[in-house]
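Structural overview
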Amino acid sequence: MYPHERSLVKRLADKPFALIGVNSDSDKDKLRPRMIEENISWRSFWNGPEGTSGPISAAWNVRAWPTIYILDHKGVIRFKNKRGEEMDKAVDQLLAEMAAEDR
Amino acid sequence: MKALYSSASALFLAAALVAQSGTESAKSEYDALVKEHATAVAEWRAAMDVVRKSEEYKAARAARDNEATRELTNSVARPDIDAFVARFAEAGKRYSGEEEALQFHLWIVMNGGAKQKDEILVAVNAVVADHLDSKALQPPQFRSNMLSRSIGQERYLEIVDLIVAKSPHDMVKAHALHGKAQGMMGRNASEEDKAKALVILDQVAELAKGDPLEVRARGPRFEAERLQIGMLAPDIVADDLDGVEFKLSDYRGKVVVIDFWGDW
């Protein structure tokens, strides 16, 4: 997971793109050194001390990790659970749509 | 030798505690049994870890030799769940009719496996007969599919109805109904059952107002009605990992990947 997301974030650093996490680790102190180790730079909401039972994942009915939602620049849900290359393609498509609209 | 010693000492402890009276001794007896079981499970896990790290095991895995890997993992004796269930059942019987019996019954319901079906049914029936008004009647496993598998779907649904009809506690009813609804939303559930489950979950959310269960109960309808492709994503307002509040909508104008992740 991490290597793909790292490269996506790096590749699209100067594009109107953001990877937003909802982190479901219950122990932030254990997580912090791991984030440095894995070079996880993107911003995450914290799902709280209940971990995978936390309020954000409960509200969104998330039962599997990772769960992915991909939104366009208007905030509309366009894809769900696209991973790896498929995620790249989906994001590129939405960025292209956005560029076409601006033209 | 070690196992013999620990079970002998626990037996001694249990016997000594029975001599005391009332809730206190039942609680200590229960705690001691739970601890003994947890220790046995931990010892088993540690032994399994050793096996999994052994060269022999790695080689068998690499060779995709399922028989050899199974033989290696089976070489570690599992905790004797039959014996534990029997001891919890004995205590449940001894305190029968008293409030103290419930914890022993519930342990069997939660920890018994496919091989302890009979004991689970006895425990469930005791709960229904003597403890329907108890506030403690809400461990998550009492509402799971596992229970319907071990005592049969029909009996399970009867019990849910009984709890909903008889329990004076909203949270107990909420947990019972939540379990029923979850059982109706499985992978192969019909659209009709899923729709019915959403209605039950509305009830659960009302009963569980203010409890985390309320949020969980509202999740499936929220997903069905607000989180489908083509819909405007609902906002998320919460703290980041540094404790700084932000909003999903702060990122409007950008393509956004939301990733529910964890480091495990």
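Note that the coordinates shown come from a computational prediction; the quantities given were computed from them, not determined experimentally.

1. Digging into the overall build of chain B
Along chain B, the regular secondary structure elements total twelve helices and three strands. Here chain B holds 264 residues, and 29% of them are scored as buried. If you take every contact in chain B between residues at least 6 apart in sequence, the share linking residues at least 24 apart comes to 50%.

2. Let's talk about the overall build of chain A
Across its full length, chain A carries four helices and four strands. Each of the 103 residues in chain A was classed as buried or not, and the buried ones make up 29%. Contacts in chain A between residues at least 24 apart in sequence constitute 39% of all its contacts with a sequence separation of at least 6.

3. Concerning the interface of chain B and chain A
Contacts between the two partners involve 34 residues from chain B, matched on the other side by 48 residues from chain A. Mapped onto the side of chain B that touches chain A, the elements with two or more residues apiece are helix 12 (212-226), strand 1 (237-239) and strand 3 (255-261) of chain B. Taken together, the residues of the side of chain B that touches chain A break down into 20 nonpolar, six polar and eight charged. Judged from the five bridges that link them, strand 3 (residues 67-71) of chain A and strand 3 of chain B form a sheet pairing that is antiparallel. Considered in strand 3 of chain B, the bridge of Tyr69 of chain A is made with Ile258 of chain B.

4. Quick look at the pairing of strand 3 of chain B
Two faces make up the sheet, and in a regular strand the side chains alternate between them. The buried fraction of strand 3 of chain B is high, at seven of seven residues. Of the two faces of strand 3 of chain B, the one holding Val255, Val257, Asp259 and Trp261 of chain B and the one holding Val256, Ile258 and Phe260 of chain B are both buried throughout.

5. Topic: the sheet that holds strand 3 of chain B
Strands sit in the order 2(A)-1(A)-3(B)-3(A)-4(A) across an open sheet of five strands; the sheet is mixed. Looking at the sheet topology across the chains shown, the edges are occupied by strand 2 (44-46) and strand 4 (77-80) of chain A. When the angles between neighbouring strand axes are averaged without regard to direction, this sheet yields 20°. Judged from the three bridges that link them, strand 3 of chain A and strand 4 of chain A form a sheet pairing that is antiparallel. Note on strand 4 of chain A: the bridge partner recorded for Ile70 of chain A is Phe79 of chain A. Most of the contacts of helix 4 (residues 84-102) of chain A go to strand 3 of chain B, to which it runs at about 155°, and overall it touches strand 1 (17-23), strand 3 and strand 4 of chain A together with strand 3 of chain B.

6. Some points on the nonpolar core
Among the nonpolar cores identified, the biggest contains 41 residues, and Phe88, Phe104, Ile108 and Val204 of chain B are the most heavily contacted of them. Sort the elements by how many residues they give to this core and helix 6 (residues 101-111) of chain B lands first, with seven residues. With sequence-adjacent residues up to four places away left out, Val204 of chain B is seen in contact with Ala174, Leu177, His178, Ala181, Leu213 and Ala217 of chain B. Judged by nonpolar contacts, the second largest core, of 26 residues, contains Phe17 and Met87 of chain A together with Ala233 and Val255 of chain B.

7. Here's the deal with the environment of Pro16 of chain A
Inspection of the secondary structure assignment puts Pro16 of chain A in the loop between helix 1 (2-11) and strand 1. Considered as a pair, Pro16 of chain A and Leu95 of chain A are 79 residues apart in the sequence and their alpha carbons are 7.6 Å apart.

8. Examining the packing of helix 3 (residues 55-62) of chain B against helix 4 (residues 66-74) of chain B
All names here are of chain B. Closest axis-to-axis distance for the helix 3/helix 4 pair is 8 Å, and the angle between their directions is 150°. Classified by the angle between their axes, helix 3 and helix 4 sit roughly antiparallel to one another. In the crossing of helix 3 with helix 4, the sense of the turn from one axis to the other is left-handed. Contact residues: Glu56, Tyr57, Ala60 and Arg61 in helix 3; Ala68, Thr69 and Leu72 in helix 4. Here the contact of helix 3 with helix 4 is built from residues that sort into four nonpolar, one polar and two charged.

9. Focus on the packing of helix 11 (residues 191-207) of chain B against helix 12 of chain B
Residues and elements named next belong to chain B. Put simply, helix 11 and helix 12 touch, their axes get as near as 8 Å, and they point 150° apart. As for how helix 11 packs across helix 12, the hand of that crossing is left-handed. Contacts between helix 11 and helix 12 involve Leu198, Leu201, Val204 and Ala205 on the former and, on the latter, Leu213, Glu214, Ala217, Arg218, Pro220, Arg221 and Ala224. Classifying every residue of the contact of helix 11 with helix 12 by side-chain character gives eight nonpolar, no polar and three charged.

10. Here's the deal with helix 2 (residues 28-37) of chain A
With zero of ten residues buried, helix 2 of chain A is to be regarded as a mostly surface element. Just past helix 2 of chain A, the residue Asn39 of chain A takes up positive phi, approximately 55°.

What counts, and where the lines are drawn
Residues numbered from 1 in each chain as written. Chains lettered and ligands numbered in written order. Predicted model: local features only at pLDDT ≥ 70, side-chain atom pairs only at ≥ 80, totals over all residues. Helix = DSSP H or I, 4+ residues; strand = E, 2+ residues; numbered from the N terminus. Buried ≥ 20, exposed ≤ 12 C-beta atoms within 10 Å, placed from the backbone. Contact = placed C-beta atoms within 7 Å. Nonpolar A, V, L, I, M, F, W, Y, C, P; charged D, E, K, R; others polar. Pairing = 2+ DSSP bridges. Axes fitted to C-alpha atoms, helices over the stretch in contact; angles between N-to-C directions. Core = buried A, V, L, I, M, F, W, Y, C linked by C-beta atoms within 7 Å. Parallel < 35°, antiparallel > 145°, perpendicular 65-115°, else oblique. Left-handed = near helix turned anticlockwise from the far one by under 90°.

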